[in-house]
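Below, each chain spelled out in residue letters.
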Amino acid sequence: ESVIFPILTMTKTIQLKEDAHVRSIEPSRFQCELIARLLQGKGALSSTAIALLIELLHPLTSEKKPLHRGMEWNDNTMPLVTACLNRQPILDNRVVARLADAVSHNLTTDLKQLMEKSIKFSNLFHTLVTKYGAQLRATGKIGRLIQAAYTLKTFMSKSITTSLKKL
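Residues numbered from 1 in each chain as written. Predicted model: local features only at pLDDT ≥ 70, side-chain atom pairs only at ≥ 80, totals over all residues. Heavy atoms only, no water.

A. Representation of the pattern of salt bridges in the model. Counted under the stated rule, the structure contains five salt bridges. Here Glu 33 makes a salt bridge to Arg 29, at a shortest N to O gap of 3.2 Å. Remark: Arg 29 and Glu 33 occur in helix H2 (residues 29-40); sequence separation between them is four residues, near one turn of the helix. Judged by its relative accessible area of 34%, Glu 33 falls in the partly exposed class. (Salt bridge = Lys/Arg side-chain N within 4 Å of Asp/Glu carboxyl O. Helix = DSSP H or I, 4+ residues; strand = E, 2+ residues; numbered from the N terminus. Buried < 20%, exposed > 50% of the residue type's maximum accessible area, 1.4 Å probe, protein only.)

Right under this line is the structure:
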């Protein structure tokens, strides 16, 4: 369990402002496949370790120095996040809210054209809604997620929207 996060934390530094640098986690395809395979084994990682992994890869923002801004969502990393969520670790409401914000953010930025047609992104979105629906309702993110679901252009968009409306 103690080697999973270090395996994924190959970082690159991006410049946000002239004097501010924040690292972004961008694991390779092979790193993601390795961890996803470990997650698929029932006894491979404890639920607590998976919850910690999600928290570390999607950190909460704070006024203090952020160590990194989280993991970039791409075709390599989305199946990893989905595999983590499928194991249904107990997550804090703030972490679920952060994941919901990341979903809606990815459908409203420059990544929109890639994400709205991505089956991997739709699968991640659907997993988040079906596994953590009660927490999404508690965090008040349903409205934003419904708007985000309408922008999807995959066969899963209606299923996601219907699941969100039931919440």
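Past the structure itself, the notes keep going.
B. Geometry of the environment of Glu 55. By secondary structure assignment, the location of Glu 55 is in helix H3 (residues 47-57). On the accessibility criterion, Glu 55 (34% relative accessible area) is partly exposed. Residues Glu 55 and Arg 98, spaced 43 residues apart in sequence, show a C-alpha to C-alpha distance of 9.3 Å.

C. Main features of the side chain of Lys 141. Tracing the backbone through its elements, the reader meets Lys 141 in the loop between helix H8 (133-139) and helix H9 (142-151). Look past the residues within four positions of Lys 141 in its chain and what remains in contact with it is Ala 97, Ala 100, Asp 101 and Leu 136. (Contact = heavy atoms within 4.5 Å.)

D. A look at H2. With 12 residues, H2 should cover 16 Å at 1.5 Å per step; its first-to-last C-alpha distance of 16 Å lies within 8% of that length. Looking at H2, one finds that the buried residues are Gln 31, Cys 32, Ile 35, Ala 36 and Leu 39. Considered in projection along H2, the buried side chains sweep an arc of 125 degrees and stay on one side of the axis. Facing away from the buried surface of H2 by more than 90 degrees, the exposed residues are Phe 30, Arg 37 and Gln 40. (Expected span 1.5 Å × (residues − 1). Arc of directions from axis to C-beta.)

Such coordinate-based values are descriptive only and should not be taken to indicate function.
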